[in-house]
Amino acid sequence: DQQVKQNSPSLSVQEGRISILNCDYTNSMFDYFLWYKKYPAEGPTFLISISSIKDKNEDGRFTVFLNKSAKHLSLHIVPSQPGDSAVYFCAATLANYGGSQGNLIFGKGTKLSVKP
Amino acid sequence: KAGVTQTPRYLIKTRGQQVTLSCSPISGHRSVSWYQQTPGQGLQFLFEYFSETQRNKGNFPGRFSGRQFSNSRSEMNVSTLELGDSALYLCASRSSGQPLVLGEQYFGPGTRLTVT
């Protein structure tokens with residue numbers, strides 16, 4: 001059973017508008033969440049993260065919102081640019097997992113297309 | 001600083017064969033994790049090595065194995081290849097044994113394995 005879900009496989013947005021990418025998780029013990037961006041033929045690149053003790057983290061055009069009660073997080077990109085077109089992965093981890101180091105549990109990704 | 005490198009970038013193998021993939025982490029990084037990316041399952045954690053020891057393992061069969069050398073370079077091996085093993089295999093490195101926070105994990109471009 002998938003612990004991290006990105007229910008929209010694709011999203012198309014006009015340049016300059018807001019892009020909202022959503023992610024749901026099932027494991028209430030997850031305490032750290034990350035977003036990665038992936039271009040074709042490249043590995044994922046870290047974008048932004050949020051700890052479970054916060055409900056919002058902002059970095060330039062990117063903001064991540066966390067709603068722990070709903071087990072939901074979202075990534076907002078404002079304004080969207082054509083260069084933002086990529087696959088976005090949501091990931092969760094147990095930052096202090098069992099004495100060992102937590103691995104990342106990824107969603108299946110959402111392909112964002114920003115049209116000029 | 002050079003990034004994470006993976007060799008080979010592309011590989012075609014026949015069912016039943018075995019394959020070895022290589023990952024060279026960023027200089028100074030001691031942790032290497034491996035992930036499998038498929039269209040159906042997304043990105044899934046295989047295992048993590050730190051200072052030549054496997055300290056975390058995902059839910060994959062024993063046909064998938066790995067090791068890490070004293071220079072932190074890592075290899076993963078898949079024996080008795082199946083068609084379903086066709087995937088992009090990504091490795092990621094990070095500098096320390098600290099909990100996985102702040103997106104400090106850096107991914108390589110991956111090895112595209114095709115099993116025929």
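Just so we're clear, the structure is a prediction, and the values are computed from it rather than from any experiment.

(A) Looking closely at unusual backbone geometry. The omega angle of the peptide bond from V78 of chain A to P79 of chain A is -15°, so this bond is cis rather than trans. Locating P79 of chain A in the fold gives a position in the loop between β8 (72–77) and β9 (86–93). Looking along the chain, the bond that leaves T7 of chain B and enters P8 of chain B is cis, with omega of -10°. Relative to the helices and strands, P8 of chain B is located in the loop between β1 (5–7) and β2 (10–13).

(B) Up close: the side chain of K38 of chain A. Within the element layout of this structure, K38 of chain A appears in strand β4 (residues 32–38). Within the buried set, K38 of chain A has no salt-bridge partner at all; the shortest N-O distance to an opposite charge, 8.1 Å, is to E42 of chain A. Engagement of the side chain of K38 of chain A in a polar contact is seen with the backbone oxygen of E42 of chain A, the distance being 3.0 Å. Once residues lying within four places of it in the same chain are set aside, the contact partners of K38 of chain A are G43, P44, A86, V87 and F89 of chain A together with Q37 and L88 of chain B.

(C) Seen up close, the packing of aromatic side chains. For the structure on display, the rule yields 12 aromatic pairs over all chains. Both rings, one in Y36 of chain A and one in F46 of chain A, keep their centres 6.0 Å apart while their planes meet at 75°; by these two values the pair is edge-to-face. Of the two residues, Y36 of chain A sits in strand β4 while F46 of chain A sits in strand β5 (residues 45–51), which places them 10 residues apart along the sequence. The class for Y36 of chain A is buried, based on a relative accessible area of 0%. Note on F60 of chain B and F64 of chain B: the rings are 5.2 Å apart at their centroids and 65° apart in plane angle, and the pair reads as edge-to-face. Residue F60 of chain B is classed as buried on the basis of its relative accessible area, which comes to 14%. With relative accessibility at 3%, the residue F64 of chain B sits in the buried group. Among the aromatic residues, those joined into a cluster by ring pairs are Y36, F46, F89 and F106 of chain A together with Y35, F45 and F107 of chain B. One residue, R55 of chain B, lies across the ring of F50 of chain B, its end atom 4.2 Å from the ring centre.

(D) Layout of the side chain of N77 of chain B. Residue and element names in this part refer to chain B. Relative to the helices and strands, N77 resides in strand β8 (residues 74–78). Here V19 takes part through its backbone oxygen, which lies 3.3 Å from a polar atom of the side chain of N77. Within the structure, the side chain of N77 is placed 3.0 Å from the side chain of T20, a separation counted as a polar contact. Not counting chain neighbours up to four residues away, the residues in contact with N77 comprise Q18, V19, T20, R63, F64 and S65.

Rules used throughout
- Residues numbered from 1 in each chain as written.
- Chains lettered and ligands numbered in written order.
- Predicted model: local features only at pLDDT ≥ 70, side-chain atom pairs only at ≥ 80, totals over all residues.
- Heavy atoms only, no water.
- Helix = DSSP H or I, 4+ residues; strand = E, 2+ residues; numbered from the N terminus.
- Buried < 20%, exposed > 50% of the residue type's maximum accessible area, 1.4 Å probe, protein only.
- Lys, Arg positive; Asp, Glu negative; His and termini not counted.
- Salt bridge = Lys/Arg side-chain N within 4 Å of Asp/Glu carboxyl O.
- Polar contact = N/O pair within 3.5 Å; in protein donor to acceptor, adjacent residues only side chain to side chain.
- Contact = heavy atoms within 4.5 Å.
- Phe/Tyr/Trp six-rings, centres within 6.5 Å; stacked < 30°, edge-to-face > 60°.
- Lys NZ or Arg CZ within 6 Å of the ring centre and 35° of its normal.

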